[in-house]
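Notes for the structure review
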Amino acid sequence: ARRDVADELLMRSYALRQATDFVSAQADCERAVTMFEALTGADPTNMELRHDLAFAYSALAEAQEDRNNLVAATQARRRSVGILEKLVAADPSNFENVKDLRGGRLGLAKILGDTSESLDIL
């Protein structure tokens, strides 16, 4: 049930972003991250929960970008990418994780702009 609530918070955050309520969208993402952190901590071997946590960090990064908080967005994006890198290392055949890792790296490179670090990430 807690996982469903966290998922719904993320879905609502996307709707709030579309309505340009960026403050509420970020708050929902932060709540979802907190919930997924707790769920992952209680079941650290659950790969699906770890993927959900990476997704929540990615959504949080997007919400922070909407508010032009690029430092926080970079941190959230790095957390997402770090989780996904571990998931892909554990199972390189999982297409969803590979795809999300590529997207996360692209999002991180976009935030970092025209830097050598963004080129390394890509």
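In the block above lies the structure referred to throughout.
Reference entry: report on the structure contained in this document. Keep in mind the model is a prediction, meaning the values are calculated, not measured.

One finds Leu 10, Phe 36 and Tyr 57 to be the most contacted residues of the largest nonpolar core, which totals 25 residues. Broken down by secondary-structure element, the contributors of at least two residues to this core are helix H1 (2–18), helix H2 (22–42), helix H3 (47–66), helix H4 (70–90) and helix H5 (95–112). Considering every element that reaches this core, the biggest residue donor is H3, with 9 residues. Leave out the neighbours within four places in its chain, and Leu 10 touches Cys 29, Ala 32, Phe 36, Phe 55, Ala 56 and Ala 59.

This paragraph deals with the packing of H4 against H5. At a minimum axis separation of 9 Å, H4 and H5 run at an interaxial angle of 155°. Between H4 and H5, the angle is such that the two are roughly antiparallel. The chirality of how H4 crosses H5 is left-handed. From H4, Leu 70, Ala 73, Thr 74, Arg 77, Arg 78, Val 81, Leu 84, Glu 85, Leu 87 and Val 88 reach across to H5, where they touch Asn 97, Val 98, Asp 100, Leu 101, Gly 104, Arg 105, Gly 107, Leu 108, Ile 111 and Leu 112. Along the lines of polarity and charge, the residues of the contact of H4 with H5 split into 11 nonpolar, 4 polar and 5 charged.

Rules used throughout
- Residues numbered from 1 in each chain as written.
- Predicted model: local features only at pLDDT ≥ 70, side-chain atom pairs only at ≥ 80, totals over all residues.
- Heavy atoms only, no water.
- Core = buried A, V, L, I, M, F, W, Y, C linked by side-chain atoms within 4.5 Å.
- Buried < 20%, exposed > 50% of the residue type's maximum accessible area, 1.4 Å probe, protein only.
- Helix = DSSP H or I, 4+ residues; strand = E, 2+ residues; numbered from the N terminus.
- Contact = heavy atoms within 4.5 Å.
- Axes fitted to C-alpha atoms, helices over the stretch in contact; angles between N-to-C directions.
- Parallel < 35°, antiparallel > 145°, perpendicular 65-115°, else oblique.
- Left-handed = near helix turned anticlockwise from the far one by under 90°.
- Nonpolar A, V, L, I, M, F, W, Y, C, P; charged D, E, K, R; others polar.

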